[in-house]
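Structure at a glance
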Amino acid sequence: MTLASSVFSAAPTSRERLRHLPTTVRPTVDAADIRVPEGYTVEALVVGLSLPTTLEFAPDGTLFIAEGGSTWPTRPGMPPRILTLDPAGRLEVFATEDLAGPRGFAFRDGALYASAKGGYFSRIVRYDLATRERTVILDCLPNGGWHEPGGPVFGPDGLMYFGQGSVTIQGITGPADFTVDVAKHPLAHDIPGQDITLTGANDWSRDPTAPYPFLTETGPYKPYGTRAEKGEVIRGELWCNAAVWRSRPDGSEPELLAWGIRNPWGMTFDEDGELYVVDLCMEEKDPRPVGQDPGKVWRVKNARVPHGSVETPEWFGFPDIAGDGLPVWDEKHRPLRGPLPQPLIENPPPWAGPAVYLNEPHTGNGKIAYCPHDAFGRRGRLFLCQFGTYWPLNSMRPDQQNNGFNVVAIDPQTGEAENFMRNRVPGPASAHPGQGGLERPVDCAFSPDGRSLYVLDFGVNAANKRNVVAYAHTGVLWRVTRQ
């Protein structure tokens, strides 16, 4: 076991020390509080990580870990950096991202490809593994808002697949968006992937940039404070958001595969070349709250057609269609606070669903990994990290306060899921004094030998009715091994 410190050092530690950590919000880390199926064991490998977001194995067996830094909302200033854990257990700093927080990793031809979030645009960067030289491949993924860049992952065709989440919570930028700071990013807004016509629906809110009580109207696909008109046409763009693309490894020949995916930050291929993309539910939170939208995993069918031949991107419903295929103004999706949402798009494209997998609303889907290994068992399953709810911020329903905080193994053929890794007591460990299990699983990856699943735990990320607070030095790297 290794203790990661703020001075970029690592040292072996003991199980007893892990029960008396100096981080008061997570003073105990204990694998004994985690349940996995019979025949598997759990151990903590690294503790003290700060806001970790992704992990991936390099070809030589070195594990790369991203720390997201202060591009994650509401936390102390922390550097976004890339760490390495080599097979001998040495933890080192590979690079510090000076522009944005790393969110996803992939390896190809002696290089690390990383997605990074920050500012008006997310980007894909390339690090030479030998020289550590950094090259920006793409810096045009429209952001400045809530959601994350997805991927990159490399497909069996050798192409790079990547995504970008929406700026908004559910279609309209609002003043309460604690990630969308309208003072810093006043022009940030969603961009569609196809031409759409607006219904003219707008949202009224108090303008935080003006003295109270001035109100303003904001429409979909508009910067904050800009209203939409009925019949107004918004042109689709290649570089939209809530979208998935592919390109050559150098970023050339980009092609839009899909849009209408609210937050496609988890992506994986199976052995047959099918691309699976994770998506998050819409929330019961202003503006335009949506009730009981399930989380989902999509299969992007356009990934199977030859590069350059996609004539029409698939549309997966955001912001007007819930994960179950029903419009968000259906009674099933009535929120507990606020009226039923109005439709935003007058002429929506055909829906590309249904989903491969649906889970409970506000489960907080993280990233996903396909199991190609007989050595681990459960070959062919999709292992999905369920980050956990932000109740009571994004849902007022008490029965949802423990949704997520686990890892499930999904059969993509049936949509059924096994609760593979979970706490002995439901919910995050920090909610139960003395417990030392999982907080918020965010990503997972299989070891090169196929015997172990490495699970990255973001750490303590507590929610209340107004915001969330993420705590540095509380992240953990777990390993699940088949005996």
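Overview of the confidence of the model for the protein chain
Low pLDDT means the predicted coordinates in that region are not meant to be read closely. Taken as a whole, the protein chain shows an average pLDDT of 92; of its residues, 94% reach a score of 70 or greater. Predicted confidence is poor over residues 5-9, with pLDDT under 50, and the contacts of this stretch with residues over four places away or in other chains come to 6 contacts.

Some details on the sheet that holds strand E26 (residues 365-370)
Judged by pairing direction, the sheet is antiparallel, and its 5 strands sit side by side in the order E3-E29-E28-E27-E26 without closing on themselves. Edge positions in the sheet fall to strand E3 (34-35) and E26, since each of these pairs with one other strand and no more. Here 4 bridges tie E26 to strand E27 (residues 382-386), and the two strands are oriented antiparallel to one another. Bridging across to E27, asparagine 365 finds its partner in glutamine 386.

Things to note about the sheet that holds strand E5 (residues 52-57)
Read from one edge to the other, the open sheet built from 4 strands follows the order E5-E6-E7-E8, with strand pairing classed as antiparallel. Edge positions in the sheet fall to E5 and strand E8 (91-96), since each has one partner strand and no second. Sheet twist, expressed as the mean angle between neighbouring strand axes with direction ignored, is 25 degrees. As paired strands, strand E7 (residues 81-85) and E8 are joined by 5 bridges and run antiparallel to one another. Residue leucine 85 lies in a different strand from E8, and its bridge partner there is leucine 91.

As for the side chain of glutamate 439
Within the secondary structure, glutamate 439 is located in the loop between strand E29 (417-423) and strand E30 (441-446). Buried charged residue glutamate 439 carries no salt bridge. Nearest counter-charge: arginine 26, at 4.4 Å. Within the local environment of glutamate 439, its side chain forms a polar contact with the backbone nitrogen of alanine 429, the two atoms lying 3.4 Å apart. The contacts of glutamate 439, once residues within four sequence positions are left out, are Arg26, Phe387, Phe405, Pro428, Ala429, Ser430, Asp457, Gly459 and Val460.

Comments concerning the packing of aromatic side chains
All chains considered together, the criterion is met by 21 aromatic pairs. For the ring pair phenylalanine 64 and phenylalanine 94, a centre distance of 5.2 Å and an interplane angle of 70 degrees mean the geometry is edge-to-face. Taken together, the residues span a long stretch of sequence, with phenylalanine 64 in strand E6 (residues 63-67) and phenylalanine 94 in strand E8 at a distance of 30 residues. Judged by its relative accessible area of 4%, phenylalanine 64 falls in the buried class. Under the relative-accessibility criterion, phenylalanine 94 is labelled buried at 7%. Centre to centre, the rings of tryptophan 298 and tryptophan 351 are 6.2 Å apart; their planes meet at 85 degrees, and the pair counts as edge-to-face. Here tryptophan 298, found in strand E23 (residues 295-300), pairs with tryptophan 351, found in the loop between strand E24 (314-315) and strand E25 (357-359); they are 53 residues apart in sequence, far enough to count as distant. Since its relative accessible area comes to 29%, tryptophan 351 is described here as partly exposed. Pairwise contacts between aromatic rings join Tyr40, Phe376, Phe383, Phe420 and Phe446 into one cluster.

Parameters and conventions
- Residues numbered from 1 in each chain as written.
- Predicted model: local features only at pLDDT ≥ 70, side-chain atom pairs only at ≥ 80, totals over all residues.
- Heavy atoms only, no water.
- pLDDT = per-residue confidence, 0-100.
- Contact = heavy atoms within 4.5 Å.
- Pairing = 2+ DSSP bridges.
- Helix = DSSP H or I, 4+ residues; strand = E, 2+ residues; numbered from the N terminus.
- Axes fitted to C-alpha atoms, helices over the stretch in contact; angles between N-to-C directions.
- Buried < 20%, exposed > 50% of the residue type's maximum accessible area, 1.4 Å probe, protein only.
- Lys, Arg positive; Asp, Glu negative; His and termini not counted.
- Salt bridge = Lys/Arg side-chain N within 4 Å of Asp/Glu carboxyl O.
- Polar contact = N/O pair within 3.5 Å; in protein donor to acceptor, adjacent residues only side chain to side chain.
- Phe/Tyr/Trp six-rings, centres within 6.5 Å; stacked < 30°, edge-to-face > 60°.

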